[in-house]
Each structure stands twice: as structure tokens, then as C-alpha cells.
Amino acid sequence: MSIWSGRLCAWSIIVLTLMISWEVFSRYVLGTPHAWVFDAQAMLYGLLFMMAGAYTLAQGGHVRGDVLYTFFRPRVQASIDLILYIFFFVPGVVALAWAGWIFAAESWAINEHSSISADGPPIYPFKTVIPIAGGLLLLQGFVEMARCVACLRLGKWPPRAGDVAEVDVEKLKEMVHVSDADIAALDRYVTGAETGEDRGARSR
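Criteria and cut-off values
Residues numbered from 1 in each chain as written. Predicted model: local features only at pLDDT ≥ 70, side-chain atom pairs only at ≥ 80, totals over all residues. Heavy atoms only, no water. Helix = DSSP H or I, 4+ residues; strand = E, 2+ residues; numbered from the N terminus. Expected span 1.5 Å × (residues − 1). Core = buried A, V, L, I, M, F, W, Y, C linked by side-chain atoms within 4.5 Å. Buried < 20%, exposed > 50% of the residue type's maximum accessible area, 1.4 Å probe, protein only. Contact = heavy atoms within 4.5 Å. Axes fitted to C-alpha atoms, helices over the stretch in contact; angles between N-to-C directions. Parallel < 35°, antiparallel > 145°, perpendicular 65-115°, else oblique. Left-handed = near helix turned anticlockwise from the far one by under 90°. Nonpolar A, V, L, I, M, F, W, Y, C, P; charged D, E, K, R; others polar. Patch = residues over 30% accessible without salt bridge, like charges linked within 9 Å, V, L, I, M, F, W, Y side chains within 5 Å. Areas by Shrake-Rupley, 256 points an atom, 1.4 Å probe, with all protein chains shown as cover. Salt bridge = Lys/Arg side-chain N within 4 Å of Asp/Glu carboxyl O.

Quick word on helix 6 (residues 180–191)
And step 1. Along its 12 residues, helix 6 runs 17 Å from first to last C-alpha, staying within 8% of the 16 Å computed at 1.5 Å per residue.
And step 2. Gly192 occupies a position one or two residues after helix 6 and carries a positive phi of about 85 degrees.

Quick look at the nonpolar core
Soluble globular proteins: nonpolar side chains tend toward being buried together.
And step 1. Ranked by size, the top nonpolar core spans 12 residues in total: Leu57, Ala78, Leu82, Tyr85, Phe89, Val90, Val93, Leu137, Leu138, Met145, Cys148 and Cys151.
And step 2. Counting residues per element, the ones that place at least two in this core are helix 3 (74–109) and helix 4 (124–154).
And step 3. If we ignore the near neighbours within four places in the chain, the residues touching Leu57 are His62, Tyr85, Phe89, Leu137, Gln140, Gly141, Glu144 and Arg160.
And step 4. One finds Cys9, Met51, Ala133 and Leu136 within the second-largest nonpolar core, a separate group that totals six residues.

Let's talk about the packing of helix 1 (residues 2–30) against helix 2 (residues 36–58)
And step 1. At their nearest, the axes of helix 1 and helix 2 sit 8 Å apart, and the two run at 155 degrees to each other. In this view, helix 1 runs roughly antiparallel relative to helix 2, as classed from their interaxial angle. Relative to helix 2, helix 1 is oriented so that their crossing is left-handed.
And step 2. In terms of residue class, the contact of helix 1 with helix 2 is built from 19 nonpolar, five polar and one charged.

Here's the deal with a nonpolar patch on the surface
And step 1. On the surface, a nonpolar cluster with roughly 1,100 Å² of combined accessible area is contributed by Val67, Leu68, Phe71, Phe72, Val76, Ile80, Ile83, Leu84, Ile86, Phe87 and Phe88.
And step 2. By the secondary structure assignment, Phe72 is in the loop between helix 2 and helix 3.

A look at the pattern of salt bridges
And step 1. Counted under the stated rule, the structure contains four salt bridges.
And step 2. Via salt bridges that share partners, Glu144, Arg147 and Arg160 belong to a single interconnected network.

Geometry only, nothing functional implied.
And the structure:
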């Protein structure tokens, strides 16, 4: 569910890019700016930021202070994580979801609209995202706690569901059979600083 929701909300990047591009064209070429775009782009970015929380946790992508953590055995890591999830993560995220529920309910009750621009867009759908994002993050936290328990039992971390990740440069070089020396020789060839040895290696 966390990965599915993250992938779905990732499309807001495309919507945000197209909306801002059109607004720039409309403002500077057509001379017809739209006051609501400022609010809309802030809400779209907020949607992406909040809904990415559970997805990032599911991928193990949140920043952590792991100066010593990585040197510990998996069972020690799982023990630390489980304690932190129980005493810090769960109370914090429950508070986030509860406060978000109150904010959203009040916003719906007063039919809240943005006051930043004239005739601003409604805010209550955006504020509804806060408790939803908090709920998804809490559910993923329970999954992480279950992973900790599994690690304590098995002595190793269970695998995560894979998804798109950054390219590992070293693995990519192995896949295409390219060494650092080949890259350096190509750089010299492109810049015109190729040596006789480089030309011989390239001809081979």
C-alpha cells in the first residue's frame, strides 16, 4: 500500500511541472497570469511531500544517524529500531494524524479557501491529506516493527519490496565491461589529449 500510494502521488510531479510551465508561458507570452497557481503549486508539492513519507519508509530511504548503527549486528539494530518505533515513532505519528484530522475537520466545516490570493482555491481537500498521510505512515511503521521482530527471530533482516532506485555506478560499469582506465582514455580522446598508448588500446 505504501509503495502503491507513493507511485500514484509521484504523478503530481508531472502535473506540477506542466502547470508551472503553462503558467510561465501564460504570464510572459500571453500576458494572462492566474492568481490561483501559486496556491495550487504549494498544495501539490505538499501532497507529494506528505504522501512520500510512507513510501520512503517502506524503501528504507529516510535519513538516520547511523555512525555506529551500521557496525551493529542485525539483532542489535532490530532491537534499537523496535524501541525507537514504540516510544518515539508511534506516538509522534499518532499525534500528527490526530492533529491533521482536527485541521481537516475544521477546514471542511468552514469551507476554507486560501487567503493568499484573491478568490483562492479550497484548502480543505489539501488538509485532508494530512491525516491520510499520517495513517499510511503509521501503518508502514507497524510493518517496520514486524520486520524488527522477524529480524530478532531470524538473525537477519527480511528483504524489502524493490522499486526504482538510483543507478549504482560501479555495478553499471561492471555490466557494460568498462573500467576507470577506459573512461580516462575516452576523456583524453574527447579533449584531444590522446596518447599513442590510448590509440593502440582503442584499436584493439
